[in-house]
Amino acid sequence: MQSTAEDSTNQPPVEDCDVLVIGGGPAGSAASTFLARRGWRVAMLEKDAHPRFHIGESLLPMNMPILERLGAFDKVAAIGVRKSGADFPADEGGYNVFRFDRALDVRCDHAFQVRRSDFDRVLFDHAAECGVDARQGVRVTTVDPLPGGGSLVGATGPEGACRWRARYVVDASGRDAFIGGKRRIKRRNPRHQSAAVFSHFEGVERREGTDAGNVSIYRHEHGWIWLIPLPDGVTSVGAVCYPDYMKTRRGDSEGFLMRTLQSVPEVARRMAGARRCADVHATGNYAYECTEMAGPGWVLVGDAYCFVDPMFSSGVFLAMHGAEKAADMVDAALREPAREAALQRALRRHIDAGTDEFKWFIYRFTSPAMRHLFANPKNVFQVENAVVAMLAGDVFDNPRVRRRLRVFRALYAVASLAMLPRSLRNGLRRRRQSRVGFSGDTLQADEP
């Protein structure tokens, strides 16, 4: 990239690019790769160095076509565990598997479980191979609009301060929500507040046969639990909890996690011979969104725009789907600047519509009615097939799926009325959580 001196002061020289991407996670790497492949000069700045720990190891089948279009599918397959479905406890004992090959209008019948440290590194390196100026250890500090359009981006890296002049800025900074924070447009989602504590374990019992790679979801009295099989016999295990319950941990994250896991007999049985092999992490204020997605010369993608509870493993898919659609928008806006505002509005409508399908289920997942419906699935009017399609991520461009999900909502309403007192108690407790604070990412209990 061309380097020029902008003035005669002591400022560092300014490098020019067409698009500057903040963040080198899945969203940033995907957006960078798609834009570089279309001939744009792209710089991607990641504040950390790969590999680095990150939660969110479970991909969805609808991730697979994106990986194919990126040209990175084989690289991800080499580091992943095949995931054929998700399983939930059944009322009569055992579990029900929602296999992806039973999705309505199935588009892909599997996904992968991945160590995010490896997955993110693979995508970052792939972006560099595709022509992206991908830099690690460079933290963006300022994004200032320029009088003639574009932005001047300031950052600090291993060699000190650095600057870029970019025609467009893509914020893929994840939960840092860099632009959202600077513009003060990031808002806590009052409809769903939760917190989580999690770690990695060896020796967790896995399902048998084709179910060995399933993500398993269990409910506990104060939230829900995930078990995600990873390569090399490691399992990601975590508990998502209401904030009022999370506050009872009193600094003992490891003990709190183990007590919560032991409260579910089937989880306790599967973890009887397990050994923790990573740090214990706790994180709060899970759900938030920004009141704006884009503006002149900038756009937010993935968690930089909104974050929802990871109950259905939607995080990486939503980030990468949003990144691909944002790349389409940026490409078109750079070629036809007069269309930028219309393109941005269309992008937001598209992203919000699909994300809202996940949100509806997530807001209600711990309710008695949802517990009953998932424990006793029935394929009336292909509703179960549509729910599997939702679990696979097919919520954006498939009207058949979305129509049947409306039927599921009607079934949910009937089930809620049938158990009205329990439903009301659950709803009241959920609403109380919005007034309970638990913030920040914390770390407790070193790796043994």
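Residues numbered from 1 in each chain as written. Predicted model: local features only at pLDDT ≥ 70, side-chain atom pairs only at ≥ 80, totals over all residues. Heavy atoms only, no water.

Chemist: I keep staring at the pairing of strand β5 (residues 85-89) and nothing clicks. Help me out?
Modeler: A regular strand places its side chains so that they alternate between the two faces of the sheet. In terms of residue burial, β5 counts as a mostly covered element, since 4 of its 5 residues are buried. The hairpin formed by β5 and strand β6 (residues 95-99) contains 5 residues between the paired strands, and G93 there has a positive phi angle of roughly 100°. For β5 and strand β14 (residues 215-220), the ladder comprises 2 bridges, and the chain directions are parallel. Within the sheet, the bridge partner assigned to A86 lies in β14 and is V215. (Buried < 20%, exposed > 50% of the residue type's maximum accessible area, 1.4 Å probe, protein only. Helix = DSSP H or I, 4+ residues; strand = E, 2+ residues; numbered from the N terminus. Pairing = 2+ DSSP bridges.)

Chemist: Is there a simple way to think about helix α2 (residues 63-70) in this case?
Modeler: In an α-helix there are 3.6 residues to a turn, and that puts residues three or four apart on one side. For α2, every residue scored as buried is listed here: N63, M64, I66, L67 and L70. An end-on view of α2 places all buried positions within 160° of arc, on one side of the element. Packed against the buried residues of α2 are α1 (26-37), α3 (73-77), β7 (111-114), α4 (116-129) and α9 (315-335). Note on α2: the residue one or two positions beyond its end, G71, has a positive phi of about 85°. (Arc of directions from axis to C-beta. Contact = heavy atoms within 4.5 Å.)

Chemist: Honestly, unusual backbone geometry in this entry has me stumped. Any pointers?
Modeler: As a rule of thumb, non-glycine residues mostly have phi less than zero, and peptide bonds are mostly trans rather than cis. In the segment running from H50 into P51, the intervening peptide bond is cis, with an omega of -5°. Looking at the element boundaries, P51 is found in the loop between β3 (42-46) and α2. With a phi angle near 55°, D105 is a residue other than glycine that sits in the positive phi range. Within the fold, D105 resides in the loop between β6 and β7. Its identity as a non-glycine residue notwithstanding, R184 has a phi of 60°, on the positive side. Examined against the element boundaries, R184 turns out to sit in the loop between α5 (178-183) and β12 (186-188).

The values reported here are purely geometric and, on their own, carry no functional implication.
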